[in-house]
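Breakdown of the fold
Okay, here's what each chain looks like letter by letter:
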Amino acid sequence: MTNTGGGGPRPRTSWWREGAITTLAFALCLLGGVLQVDDTLSPPSVSAYVIAVVSCAVLPVRHRAPLAALAATTAVGVLVPPLGLLLTPLIVTPAVITTYSYSLAARTERRAASAVVLTSVALAAVIPAFGDFSWKDASRMGVVAAFPLVAGVLGHSVRNRRAYLEAVEERARRAEQNRESEARRRVAEERVRIARELHDLVAHQITLANAQATVAAHLFDTRPEQTRTSLKELVETTSHALDELRATVGLLRQSGDTAAPAEPAPGLSRLPTLLESFRRAGLEVSVHQEGTVRPLPPGVDLTAYRIVQEALTNVTKHAGAGSARVRLVWTGDRVTITVADDGGGNRTAPTAGTGPTASSGPTASAAADRSPGYGLIGMRERATAVGGHLSAGRRPEGGFLVSTQLPLQPAQDPTRDRDRATTTEGGQMTDREAGDTP
């Protein structure tokens, strides 16, 4: 195999095909050279051999230089009458073949059409220039002119067909790439969603368990009865955490969709139960609502519940505060939720599992040593996903404030908003995020 100059080595089968085409063209051209005006055959003359050899010798280069090959075979065809031979479609077979090849290779359709027309006119116009012109010559002139035109039309059709197939293959390739990109994007989104759900489900219970264990250790020597109560609540909290973790992992391991969820998704209707769990851990939580309470869409309701849960979890774990306030303000088209702690820095132990009585400062002091977490990131992602907004930061009078505004109707395109929230999260972290729930 050798290099054709058109883009790499050509297969061995193409050389056999080129040889067969050149041999057939030579035979037809030589046959046209022995035809006489009276439709009889005569032995091939030297001129017939010259015409056949020269015109067919150009055929192998028609792929690399199609215009030059077309011009050469056309010029040889024009020399047929001056050499005393009969100009027929057979003797101009090489010109017909190069016309087809040029129609395939031309850069524009206008160039191809112009070259084909010029070839047909040149071959046909040379017939009346030599000898007497008759009606038989006129019919032969029309046939000779028609063959290059037919070859050009055929080449143009094949070229369009190839271009169509290439376009279809390119669209299929791009569609496959888009499917792969979409699949990767969906996998990434699902990983973020699973991570956020696991964080919200487990971190809350683990934080409460840690607070209860701290209280039990602090009261172990002085108040054994309260220690037993705290340990009992610790067992219940860890058991609940294990149940939620087992249920979440079970959903992830299922190959298909479940017919119905095992239990409804939490919402603001379960807020009293959530606040009671924090009160048992030693955090006094008060709730204040303004406006007319209205039912929220499921996605917004779950987001509101998770934001309150995560904000109070951070207060319990990092703030060292003894109390927190939850405020819900219902307006015409949105609900505003704020969670603020007092910033007192004195965590208190529960009395009989409910009331603050003693200090438990190690929890707050150890918060600064922990690595950054994802609590605020998850809250912002949840709020943005339903078309809301969340802000968090320290208050001038002390303490920390988490405020979010959620629409009463979910956002139309949560995927785009969630992607934007993920990419911009790096520049929105506050001082509190350095000690956020991991």
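To be clear, the structure that these remarks concern was listed above.
Note that this is a predicted model, so its numbers are computed, not measured. (Residues numbered from 1 in each chain as written. Predicted model: local features only at pLDDT ≥ 70, side-chain atom pairs only at ≥ 80, totals over all residues. Heavy atoms only, no water.)

1. Focus: the overall build of the protein chain
Helix and strand counts for the protein chain stand at 12 helices and seven strands. Relative to its 438 residues, the protein chain shows a buried fraction of 42%. Considering only residue pairs separated by 6 or more positions, the protein chain has 72% of its internal contacts joining residues 24 or more positions apart. (Helix = DSSP H or I, 4+ residues; strand = E, 2+ residues; numbered from the N terminus. Buried < 20%, exposed > 50% of the residue type's maximum accessible area, 1.4 Å probe, protein only. Contact = heavy atoms within 4.5 Å.)

2. Focus: the packing of helix 3 (residues 66-78) against helix 5 (residues 109-125)
Their axes nearest at 9 Å, the elements helix 3 and helix 5 cross at an angle of 15°. Between helix 3 and helix 5, the angle falls in the class roughly parallel. At the point where helix 3 passes helix 5, the crossing takes the right-handed sense. Along its contact with helix 3, which presents Leu-70, Thr-74, Gly-77 and Val-78, the element helix 5 presents Ala-115, Thr-119, Ala-122 and Leu-123. (Axes fitted to C-alpha atoms, helices over the stretch in contact; angles between N-to-C directions. Parallel < 35°, antiparallel > 145°, perpendicular 65-115°, else oblique. Left-handed = near helix turned anticlockwise from the far one by under 90°.)

3. Some thoughts on the pairing of strand 6 (residues 389-394)
With six bridges joining them, strand 6 and strand 7 (residues 400-407) adopt antiparallel strand pairing. Along strand 7, the bridge assignment pairs Gly-393 with Leu-401. The turn linking strand 6 back onto strand 7 is made up of five residues, and Gly-398 within it adopts a positive phi angle of 110°. (Pairing = 2+ DSSP bridges.)

4. Looking at the sheet that holds strand 1 (residues 284-290)
Strands sit in the order 1-2-3-7-6 across an open sheet of five strands; the sheet is mixed. The sheet is open, and its two borders are formed by strand 1 and strand 6, each paired with just one other strand. Neighbouring strand axes in the sheet, compared pairwise and without regard to direction, differ in orientation by 10° on average. Packed onto the sheet, helix 11 (residues 375-385) meets strand 6 and strand 7 and runs at close to 150° relative to strand 6.

5. Considering the packing of helix 3 against helix 4 (residues 93-105)
One way to put it is that helix 3 packs onto helix 4 with a least axis distance of 9 Å and a crossing angle of 155°. As summarised for this structure, helix 3 and helix 4 are arranged roughly antiparallel, according to the angle between their axes. When the axes of helix 3 and helix 4 are compared, the crossing they make is left-handed. In this structure, helix 3 contributes Pro-66, Leu-67, Ala-69, Leu-70, Thr-73 and Thr-74 to the contact, and helix 4 contributes Pro-94, Ala-95, Thr-98, Thr-99, Tyr-102 and Ala-105.

6. Regarding the side chain of Thr-22
Within the secondary structure, Thr-22 sits in helix 1 (residues 12-34). Side-chain polar atoms of Thr-22 contact the backbone oxygen of Glu-18, separated by 2.9 Å. The contacts of Thr-22, once residues within four sequence positions are left out, are Cys-56, Leu-59 and Pro-60. (Polar contact = N/O pair within 3.5 Å; in protein donor to acceptor, adjacent residues only side chain to side chain.)

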